[in-house]
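These are the residues of each chain, in order.
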Amino acid sequence: MKRIIIACGSGIATSTIISSRVTELLDQHHISYDLIQCSLQEIDSYVSEADLIITSMDLQKSFPIPKITAISFLTSIGDKETEEAILQALK
Amino acid sequence: MNLSDLIKNGDFIKSSAKNYHELYDEMNDRLKMMNYVENDFLEALLKREEAYPTGIQTGTYNIALPHVDACYVKQNALFIYRLVNKATFIRMDDHSKTVEVEFVFLLLIHDLKLHVKTISELTHIWTNHDIMEGLQFVQDKSELLEMLETKL
């Protein structure tokens, strides 16, 4: 089971878009997951129990787990590369 | 509630705002008049833009996706602004870069249970080249809805 934080400014708009893409991707690859959708300020409180952070935003801060910027899920430019990076990070 | 419903509740507006401050003032005036937002909406919108910039480079028509927490909002609606002069926004994914924005999608979410699918469908607008081309020519909300009906 992989725990993934999906975060944006509010934890509502762009993180919802990213969540639905990540859900699709992980289902396709039969990876079991637990998604935590939250605002950027809330990342700290979940980070110790998570494997990966996926966000639309420039975090301006580093965390002890890997992070992937998935703006491509909003623009569809380079989204295949982002999917690949997520799968690699979860291996 | 689907994407068309959100637009029916919202509007398509051409604006000559030259920067996001002018634009957000304009949004605030309109939305207050409609009774769509709380009194501190403008402050929340500006604070959010400064902490979490919303410019997105899409390759063709760059966009911005301003947004505030649900507590400042009374309605679910989508307002699409076309900036005739374009305006500079800081990029969401890289705060060291800016982007010249032509279309601003102001998503108002009051009801947090608003279907995930609806929010996700938003990307179908700006990733669809035909629709973005069409947005250059539509004059009002009814023309926008008509165009989306055929192209979405």
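Nothing here was measured: the structure is a model prediction, and the numbers come from that model.

Draft legend 1. Fine view of the packing of helix 1 (residues 14-28) of chain A against helix 4 (residues 79-89) of chain A. Residue and element names in this part refer to chain A. It is at 11 Å that the axes of helix 1 and helix 4 come closest, and there the two elements cross at 60°. In this structure, helix 1 crosses over helix 4, and the sense of that crossing is right-handed. Between helix 1 and helix 4, the contacting residues are Arg21, Val22, Leu25 and Leu26 on the first element and Asp79, Glu83, Ile86 and Leu87 on the second. Along the lines of polarity and charge, the residues of the contact of helix 1 with helix 4 split into 5 nonpolar, no polar and 3 charged.

Draft legend 2. Representation of a negative patch on the surface in the model. Residue and element names in this part refer to chain B. A surface patch of like charges, here negative, comprises Asp140, Glu143, Glu146 and Glu149. Structurally, Glu146 is set in helix 7 (residues 141-151). The exposed category is assigned to Glu146, whose relative accessible area is 58%.

Draft legend 3. Layout of the packing of helix 2 (residues 20-33) of chain B against helix 3 (residues 41-51) of chain B. Residue and element names in this part refer to chain B. With their axes 9 Å apart at the nearest point, helix 2 and helix 3 run at an angle of 150° to one another. On the basis of their axis angle, the class for helix 2 and helix 3 is roughly antiparallel. At the point where helix 2 passes helix 3, the crossing takes the right-handed sense. Contacts between helix 2 and helix 3 involve Tyr20, His21, Tyr24, Asp25, Met27, Asn28 and Leu31 on the former and, on the latter, Phe41, Leu42, Leu45, Leu46, Glu49 and Glu50.

Draft legend 4. Representation of the layout of surface pockets within the structure. In this model, the largest pocket occupies a volume close to 170 Å³. A:Ile17, A:Ser20, A:Arg21, A:Glu24, A:Phe73, A:Ser76, B:Lys117, B:Ser120, B:Glu121, B:Thr123, B:His124 and B:Thr127 are the residues that line the largest pocket. Mapped by element, the contributors of at least two residues to the lining of the largest pocket are helix 1 of chain A together with helix 4 (116-121) and helix 5 (123-126) of chain B. Broken down by class, the residue content of the lining of the largest pocket amounts to 2 nonpolar, 6 polar and 4 charged.

Draft legend 5. Region of interest: the side chain of A:Ser10. Within the secondary structure, A:Ser10 is located in the loop between strand 1 (2-8) and helix 1. The buried category is assigned to A:Ser10, whose relative accessible area is 13%. A polar side-chain atom of A:Ser10 sits 3.1 Å from the main-chain amide nitrogen of A:Ile12. Beyond its immediate stretch of four places on either side in the chain, A:Ser10 contacts A:Ser39, B:Arg48, B:His67 and B:Asp69.

Draft legend 6. Molecular detail of helix 1 of chain A. All names here are of chain A. Taking 1.5 Å as the rise per residue, helix 1 with 15 residues should run 21 Å; its terminal C-alpha atoms sit 22 Å apart, in good agreement. Within the span of helix 1, buried status applies to Thr14, Ser15, Thr16, Ile17, Ile18, Ser19, Arg21, Val22, Leu25 and Leu26. Downstream of helix 1 by a residue or two, His30 has a phi angle that is positive, lying close to 50°.

Draft legend 7. Spotlight on the side chain of B:Glu102. Residue and element names in this part refer to chain B. Along the chain, the position of Glu102 falls in strand 5 (residues 94-108). At 3.3 Å, the side chain of Glu102 and the side chain of Gln136 are in polar contact. Leaving out residues up to four positions away in the same chain, Glu102 has contacts with Tyr61, Asn62, Tyr81, Arg82, Leu83, Lys86 and Gln136.

Cut-offs applied
- Residues numbered from 1 in each chain as written.
- Chains lettered and ligands numbered in written order.
- Predicted model: local features only at pLDDT ≥ 70, side-chain atom pairs only at ≥ 80, totals over all residues.
- Heavy atoms only, no water.
- Axes fitted to C-alpha atoms, helices over the stretch in contact; angles between N-to-C directions.
- Helix = DSSP H or I, 4+ residues; strand = E, 2+ residues; numbered from the N terminus.
- Left-handed = near helix turned anticlockwise from the far one by under 90°.
- Contact = heavy atoms within 4.5 Å.
- Nonpolar A, V, L, I, M, F, W, Y, C, P; charged D, E, K, R; others polar.
- Patch = residues over 30% accessible without salt bridge, like charges linked within 9 Å, V, L, I, M, F, W, Y side chains within 5 Å.
- Areas by Shrake-Rupley, 256 points an atom, 1.4 Å probe, with all protein chains shown as cover.
- Salt bridge = Lys/Arg side-chain N within 4 Å of Asp/Glu carboxyl O.
- Lys, Arg positive; Asp, Glu negative; His and termini not counted.
- Charge placed at Lys NZ, Arg CZ, Asp CG, Glu CD.
- Buried < 20%, exposed > 50% of the residue type's maximum accessible area, 1.4 Å probe, protein only.
- Parallel < 35°, antiparallel > 145°, perpendicular 65-115°, else oblique.
- 1 Å grid on protein atoms, 1.4 Å probe; cavity = no way out; pocket = protein on both sides within 12 Å on 5 of 7 lines; lining within 4 Å.
- Points joined across faces, edges and corners; volume = space filled by probe spheres on them.
- Polar contact = N/O pair within 3.5 Å; in protein donor to acceptor, adjacent residues only side chain to side chain.
- Expected span 1.5 Å × (residues − 1).

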